[in-house]
Amino acid sequence: DDAPKQAESAMERMKRLNAEKKAAEAAAKKKKPAQVLKSNVVIDVKPWDDETDLNEMEKAVRSIQMEGLIWGDSKFVEMAYGIKKLQISTCIVDDLVGLYDLEDRIQEFEDLVQSTDIVAHNKI
């Protein structure tokens with residue numbers, strides 16, 4: 001008569017251990033930090049004309065600070081008729097920095113910046 005009770009309690013014990021194991025695995029998954037998605041972005045910043053001070057324009061662009069934004073290398077690239085544009089790279093945390101927001105912030109320097117273009121956007 002005791003055999004079915006022992007077998008039943010062994011089965012219950014296995015179910016309980018299995019449930020505990022699943023709960024521990026679920027807790028471990030929750031503890032893992034969420035993956036931080038980043039992107040490398042290259043932006044063309046175009047001046048109004050050949051008289052725009054590109055060094056001043058670059059200084060203005062680099063003055064923009066946002067959480068998750070890191071400015072990288074930049075260079076002046078010939079466009080046409082002696083006019084150059086600023087091409088600047090940046091690393092952004094996708095969840096913190098919106099590219100449209102960043103472009104809007106750059107274009108707020110209306111005296112220096114005519115327009116901006118995203119040249120490259122690569123997930124890291």
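The rules behind these values
Residues numbered from 1 in each chain as written. Predicted model: local features only at pLDDT ≥ 70, side-chain atom pairs only at ≥ 80, totals over all residues. Heavy atoms only, no water. Helix = DSSP H or I, 4+ residues; strand = E, 2+ residues; numbered from the N terminus. Buried < 20%, exposed > 50% of the residue type's maximum accessible area, 1.4 Å probe, protein only. Contact = heavy atoms within 4.5 Å. Pairing = 2+ DSSP bridges. Axes fitted to C-alpha atoms, helices over the stretch in contact; angles between N-to-C directions. Arc of directions from axis to C-beta. Polar contact = N/O pair within 3.5 Å; in protein donor to acceptor, adjacent residues only side chain to side chain.

A. Structural detail: the side chain of Glu58. Note on placement: Glu58 falls in helix H2 (residues 54–62). On the accessibility criterion, Glu58 (15% relative accessible area) is buried. Dropping the residues within four chain positions of it, Glu58 is found in contact with Ser74, Phe76 and Leu86.

B. Geometry of the sheet that holds strand E3 (residues 83–93). The strand order across the open sheet built from four strands is E2-E3-E1-E4, with neighbouring strands paired in antiparallel fashion. Edge positions in the open sheet fall to strand E2 (69–80) and strand E4 (113–123), since each of these has one partner strand only. For this sheet, the mean inter-axis angle between neighbouring strands, taken without regard to orientation, is 20 degrees. Set on the sheet, helix H3 (residues 99–107) makes contact with strand E1 (38–47), E2, E3 and E4; between it and E4 the angle comes to about 150 degrees.

C. Spatial organisation of H3. Those residues of H3 that fall on the buried side of the exposure criterion are Leu99, Leu102, Glu103 and Ile106. Each buried residue of H3 sits inside an arc of 100 degrees when the element is viewed along its axis, so together they form one side. At its buried positions, H3 is contacted by E1, H2, E2, E3 and E4.

D. Geometry of the pairing of E1. Here eight bridges tie E1 to E3, and the two strands are oriented antiparallel to one another. Note on E3: the bridge partner recorded for Asn40 is Cys91.

E. Seen up close, the side chain of Thr116. The topology assignment puts Thr116 in strand E4. Using a relative accessible area of 6% as the deciding quantity, one classes Thr116 as buried. Side-chain polar atoms of Thr116 contact the side chain of Glu103, separated by 3.0 Å. Polar side-chain contacts of Thr116 include one of 2.6 Å to the side chain of Gln107. In this structure, Thr116 is in contact with Ile43, Asp44, Val45, Glu103, Ile106 and Gln107, ignoring residues within four places of it in sequence.

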